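Listed here are the chains, written in short residue letters.
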Amino acid sequence: MQVDQSSATKGAPFTLDILSLTSEARNSYGLRRQEYGRYRHHCTQRLHRIRKTLGFTHGKDKSFASRPITAETVTDEKYLHLMLFQAERAWGYAMEIKALSVALDDTRKQQHYMNRLKKAAKTAGELEALCSTKAGKVDVRSTLDAQAYSALMSGYVLFEAQQWQGALEKFSAARAIYDKLSLAGTSHQEALCHAAMDEIDPNIRFCGYRLRLAKDGVVNVEELVKMSAANKASGSDVLMREIEHLIAQTRQEKAQDLESIQWRSKVLPLKNPKLATAILAAQETAAELNNLQDATSEAKLEQFDKVLQAYAEAEKHVKKALKEDAIAAAKVKSSKSEQNTADLNMIATYISYSSLRTAIDRNLLLAKDVYNKLEGDEATTDRNEDVHYQNLVKAYDNVVQNLTAIQELPGVAADTILASEVENKLLYYKAWRCFFTATAYSKLSRHIEAIALFDRAQSYATQIRGGLGRSSSSHGAGSNDADSFNVTEKELQEVESKIRGRKCQVHAAWYLENGQESGDGIEDKLSSMSLDEKSLDEPALIKRLDSYPTSITSKANPTVPHLVDFPPSLQPIPAKPLFFDIAFNHMDYNHDALAERAGRPKAAQSESSGGGWFGSIWGRK
């Protein structure tokens, strides 16, 4: 039977969205409840329908004839669907065998399970060959999607065969492709790529664990993927170039739809396509940075450098656009041209502001790492000698310089809300800079300079508190939380508490050092204390408040008022407490026997012991 190619699409490449097709089929036909048999049955029926639609059946019984799918055969994207669902059917069958016999103790079942997985990997490899760039049947995204699918199926086979290194390389390749594809596509495609990455990550962690690549008991997926890409640099370079080319194409398509940007309640039109593409690239790179919350500091710093590089590229384009606009305005001036120039200047301010904001976040990350090594959880007694408080001072000095540069940007001074926020933030980081500078001086035993710097830091905090109410009252619709530089009450209380505590420590250290040098130490003061008050020429003022004092100073120190005795003078106290016999009246003694032994008659004893009712009040005698 010949294939009807009259309706085949020629020239334009096909689009095969593997993730979308497999995700929809799996969720709709059984895999939400782990019904692999139902999914395999669906794949079989779907293959039969596609073959019947294409007229690409094999025949029955004696008329059966194998009809392989080659690049020349593919005249419709449904031929590619055939290959895809053949691989899905084999994979579903393997998962069904594994689900029915969890332990896979039977050798025949284990062999059947592995054969089905190998069949799925083989078919996925044939699909990858049909979707390759050399075949030229599909677009770039479909080619990369097929490569990721084939690598994933091959990774499953190697994983079950316990070939951990090969499985790690395959899983890492698939994850790297899905990570890049998430940047080039719609929001639905991005969500599908992230879901696929979540499914691959446990396999990568287990492979890293079996290969003993864990650090401190933790397997970092990002580092393993980079390591695997470095080991296969020859093959990954071509792949990365294809992915970057796809991302560039997608950004150009998105840039055509990006007509304006909104910043500080202002809508800025983007008429230059190259400028729009550069701004979009910088925004996407910054969005990647927000996804690295749990990553290491090294990975975050590397992404910070990429964001700064993207904004630098955008600055080049906006400068070029401003130059072209100036040449055009020199020839012909109009009200429209003036508005275009103002919009371009505001866009330049937005790009410079975003770049400086990113630089501030990067310097704060560096400062946080240094602080953790000095005083935080990572601080140790034998810490690296290259880490000093001077590194913290340098980091905060860079932050202060960046904030000063933001103040000098065109249009910032006119925005009173932003100008007030930046001023408060500038004072805040100046306070931290003074704080760590004073700490560095205190480590060198230069306490006087440290106290002066702590006082300067406290003055900055006082200025912030004075402007905090005005800034919070004026903070409204003119700014949003993403662009806000507000200093919160919690941050201000933290810096004030740190300054007070460290200043008290430096004061105490100064008094201890100076007291020891002058010989007027604590032991000397204790030895000079005496019970004799004659050593004082005049009693303390608190002891003679009922009389008019002729002088409130002492002859020993005539410049200091003698208000109280400090340290307090020692007073003699009784060595033993007074004894009160309160149990005597409640005890019954044999007085007659005592009287007889004393030689006194009983009658005389009764007369002498009288007292009546009043006698009982004062006790017995």
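The protein is annotated in an unreviewed UniProt entry as Signal recognition particle subunit SRP68 of Linnemannia schmuckeri. The heading Sequence similarities (unreviewed entry) in the UniProt record of the protein holds the text "Belongs to the SRP68 family."

Attention shifts here to the overall build of the protein. Looking only at helices and strands, the protein features 20 helices and two strands. Within the protein, the proportion of its 621 residues that are buried is 38%. By element, 53% of the accessible surface of the protein is carried by carbon and sulfur atoms, the whole surface being about 38,000 Å².

Of note, Thr73 is situated in the loop between helix 2 (36-54) and helix 3 (77-100). If near-sequence neighbours (up to four positions away) are discounted, Thr73 is found in contact with Phe56, Pro68 and Tyr79.

Let's shift gears to the packing of aromatic side chains. Evaluation of the coordinates by the stated rule reveals 21 aromatic pairs. Counting every residue linked through ring pairs, the aromatic cluster contains Tyr371, Tyr389, Tyr396, Tyr428, Tyr429, Trp432, Phe435, Phe436 and Phe454. One cation-aromatic arrangement involves Arg26 over Trp91; the distance from NZ or CZ to the ring centre is 4.1 Å. The positively charged end of Arg40 is found above the aromatic ring belonging to Tyr93, 4.2 Å away from the centroid.

Enumeration over the complete set of coordinates arrives at 14 salt bridges. Arg38 is paired through a salt bridge with Glu35; the nearest N and O atoms lie 3.8 Å apart. On the accessibility criterion, Glu35 (31% relative accessible area) is partly exposed. The salt bridge involving Glu489 is made with Arg465; its shortest N-O contact spans 3.0 Å. With Glu489 in helix 16 (residues 489-517) and Arg465 in helix 15 (residues 447-474), this pair connects stretches of sequence that are 24 residues apart. What makes Glu489 partly exposed here is its relative accessible area of 34%. Through salt bridges with shared partners, one network takes in Arg33, Glu35 and Arg38.

As a further point, take the packing of helix 4 (residues 107-130) against helix 5 (residues 140-160). The interhelical angle for the contact between helix 4 and helix 5, taken along N-to-C directions, is 160 degrees, at an axis separation of 8 Å. Taken as axis vectors, helix 4 and helix 5 run roughly antiparallel relative to one another. Along this stretch, helix 4 crosses helix 5, giving a crossing that reads as left-handed. Across from Tyr113, Met114, Leu117, Lys118, Ala120, Ala121, Ala124, Gly125 and Glu128 in helix 4, the residues of helix 5 making contact are Ala146, Gln147, Tyr149, Ser150, Met153, Ser154, Tyr156, Val157 and Glu160.

Let us look at helix 10 (residues 273-290). Since the α-helix packs 3.6 residues into each turn, any two residues three or four apart lie on the same face. The first and last C-alpha atoms of helix 10 sit 26 Å apart over 18 residues, in line with the 26 Å expected at 1.5 Å per residue. Here helix 10 has its buried residues at Leu275, Ala276, Thr277, Ala278, Ile279, Leu280, Ala281, Ala282, Glu284, Thr285, Ala286 and Leu289.

Take the environment of Ser260 next. Here Ser260 lies in strand 1 (residues 260-263). With ten residues separating them along the chain, Ser260 and Leu270 place their C-alpha atoms 5.0 Å apart. Once residues lying within four places of it in the same chain are set aside, the contact partners of Ser260 are Val267, Leu268, Pro269 and Leu270.

This part takes up unusual backbone geometry. If a residue is not glycine, its phi is most likely negative; likewise, a peptide bond is most likely trans. With a phi close to 60 degrees, Gln34 is a non-glycine residue in the positive phi region. For Gln162, which is not glycine, the phi torsion reads 60 degrees and is therefore positive.

Conventions we followed
- Residues numbered from 1 in each chain as written.
- Predicted model: local features only at pLDDT ≥ 70, side-chain atom pairs only at ≥ 80, totals over all residues.
- Heavy atoms only, no water.
- UniProt positions renumbered as here; feature names shortened; annotations may be inferred.
- Helix = DSSP H or I, 4+ residues; strand = E, 2+ residues; numbered from the N terminus.
- Buried < 20%, exposed > 50% of the residue type's maximum accessible area, 1.4 Å probe, protein only.
- Areas by Shrake-Rupley, 256 points an atom, 1.4 Å probe, with all protein chains shown as cover.
- Contact = heavy atoms within 4.5 Å.
- Phe/Tyr/Trp six-rings, centres within 6.5 Å; stacked < 30°, edge-to-face > 60°.
- Lys NZ or Arg CZ within 6 Å of the ring centre and 35° of its normal.
- Salt bridge = Lys/Arg side-chain N within 4 Å of Asp/Glu carboxyl O.
- Axes fitted to C-alpha atoms, helices over the stretch in contact; angles between N-to-C directions.
- Parallel < 35°, antiparallel > 145°, perpendicular 65-115°, else oblique.
- Left-handed = near helix turned anticlockwise from the far one by under 90°.
- Expected span 1.5 Å × (residues − 1).

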